[in-house]
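So the chains spell out like this:
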Amino acid sequence: MIAEGKTTHSLEAASPFELRVNQSANVPESAVKTALRTGDIGFLHSFTTGSTVDGPGVRVVGWAAGCHWRCVYCHNPDTWNMMNGMPVTLERATDELRKYRHGLKIMGGGFTLTGGEPLMQDRFAVRLFKAAKEMGIHTALNTNGHLGERLTDEELEHIDLVILDIKTWNPEAHRRLTGKDNGPTLDFALRLSKLKKPLWTRFVLVPGLTDDHNDISQIAAFTAELGNVERVEVLPFHQMGRYKWKELKIDYTLENTEPPASDAIERTCQIFRAAGLKTY
Ligand code: SF4
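Residues numbered from 1 in each chain as written. Predicted model: local features only at pLDDT ≥ 70, side-chain atom pairs only at ≥ 80, totals over all residues. Heavy atoms only, no water.

**Student:** What's the story with the sheet that holds strand S6 (residues 161-165) in this structure? I'm lost.
**Tutor:** With mixed pairing, the eight strands of this open sheet are ordered in space as S3-S1-S2-S4-S5-S6-S7-S8. The open sheet is flanked by strand S3 (86-89) and strand S8 (229-236), the only strands paired with a single partner. Strand after strand, the sheet turns through a mean of 30° between neighbouring axes, direction not considered. Here helix H2 (residues 90-106) sits on the sheet and contacts strand S1 (41-51), strand S2 (59-64), S3 and strand S4 (110-114); the angle it forms with S3, its principal contact strand, is near 75°. Packing against the sheet, helix H6 (residues 183-194) makes contact with strand S5 (138-143), S6 and strand S7 (199-205), and its axis sits at approximately 155° to S6. (Pairing = 2+ DSSP bridges. Helix = DSSP H or I, 4+ residues; strand = E, 2+ residues; numbered from the N terminus. Axes fitted to C-alpha atoms, helices over the stretch in contact; angles between N-to-C directions. Contact = heavy atoms within 4.5 Å.)

Right, here's the structure in full:
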């Protein structure tokens, strides 16, 4: 049995940029395995409220701990390790959403589960989305898509919107950028297209790393072809997570990388627009 919430942090954080570590350090491995199998308990960095950038309207956002990618620009490396997340029962997470359900509806918002990579905890994610839908709350999953096959088509019905990160096109560059192949992400996008699931995609523009014109054009062509993409979000790289890399003593290779200039962002948006996509 996991002792829930034995931590110095509250579930709600002012911002995901709060560094949170070792919140589940004392949870036995067997209990973690059971939690992952059943989804009775999730491991969360935090909940934040009032987000206007993680799906439509104003949203409550759950930040799942655990990610098997190692993006060199990740701004939340404290979410890589699931044990940095706080053990939270499904019931407690559901109660948290229940508190906000009326306000979320009035503000045309909903609940977004992001991370980390939420599908590292796919059973918890599915059950929490189902509970949210039963309360009439709009649901969104922000994912790198690599573990999309863990969800059945029926389970995807509990998710109103998928926000999919497409990080770069060239497979070699993708491995250098994230440590993983992009094939499963693209396969998941194609599957969501077949299911006609509303999809937003995200692309992080990092000078010198993801700004190759040809690469972006290929992502734009692929994205446009899907037919279910409502918007593409071009996110400029920033350094707000840099201090976390230092605190966690992880080698950070982008120390001297500047955020992209506004004309570079505009040029990137233009590539997506030229393919017939809406960008934000
Ligand atoms: S997929 Fe997201 S959470 Fe995982 S390493 Fe990349 S940016 Fe960080």
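**Student:** Would you mind showing me how to read H2 here?
**Tutor:** Structural remark: α-helix, 3.6 residues per turn; residues separated by three or four positions point the same way. In this model H2 runs 25 Å from its N-terminal to its C-terminal C-alpha over 17 residues, within 8% of the 24 Å that 1.5 Å per residue would give. Roughly 50° is the biggest bend found in H2, and it falls at Tyr 100. Regarding H2, the residues found buried are Leu 90, Ala 93, Thr 94, Glu 96, Leu 97 and Leu 104. Those residues of H2 that are buried lie in contact with S1, S2, S3, S4 and helix H3 (122-134). One or two residues past the end of H2 sits Gly 108, with phi positive at roughly 60°. (Expected span 1.5 Å × (residues − 1). Bend = angle between axes of the 7 residues up to and from the residue. Buried < 20%, exposed > 50% of the residue type's maximum accessible area, 1.4 Å probe, protein only.)

**Student:** Sorry if this is basic, but what is going on with the pattern of salt bridges here?
**Tutor:** Pairing is possible between side chains of opposite charge, provided their charged atoms come close. For the structure on display, the rule yields 21 salt bridges. In this structure, Arg 123 and Asp 122 form a salt bridge, with 2.9 Å as the shortest nitrogen-oxygen distance. Classification of Arg 123 by relative accessible area gives partly exposed; the value is 21%. One salt-bridge network, held together by shared partners, links Asp 54, Arg 202, Arg 231 and Glu 233. (Salt bridge = Lys/Arg side-chain N within 4 Å of Asp/Glu carboxyl O.)

**Student:** Please explain the side chain of Glu 117 as it appears in this structure.
**Tutor:** Along the chain, Glu 117 falls in the loop between S4 and H3. Here Glu 117 is buried and forms no salt bridge, its nearest opposite-charge partner Lys 167 lying at an N-O distance of 8.0 Å. For Glu 117, the side chain forms a polar contact with the main-chain nitrogen of Asn 144, separated by 2.7 Å. If near-sequence neighbours (up to four positions away) are discounted, Glu 117 is found in contact with Ala 64, Gly 66, Cys 67, His 68, Thr 143, Asn 144, Gly 145 and Leu 147. (Lys, Arg positive; Asp, Glu negative; His and termini not counted. Polar contact = N/O pair within 3.5 Å; in protein donor to acceptor, adjacent residues only side chain to side chain.)

Everything listed here is a matter of coordinates, which is why it stays silent on function.
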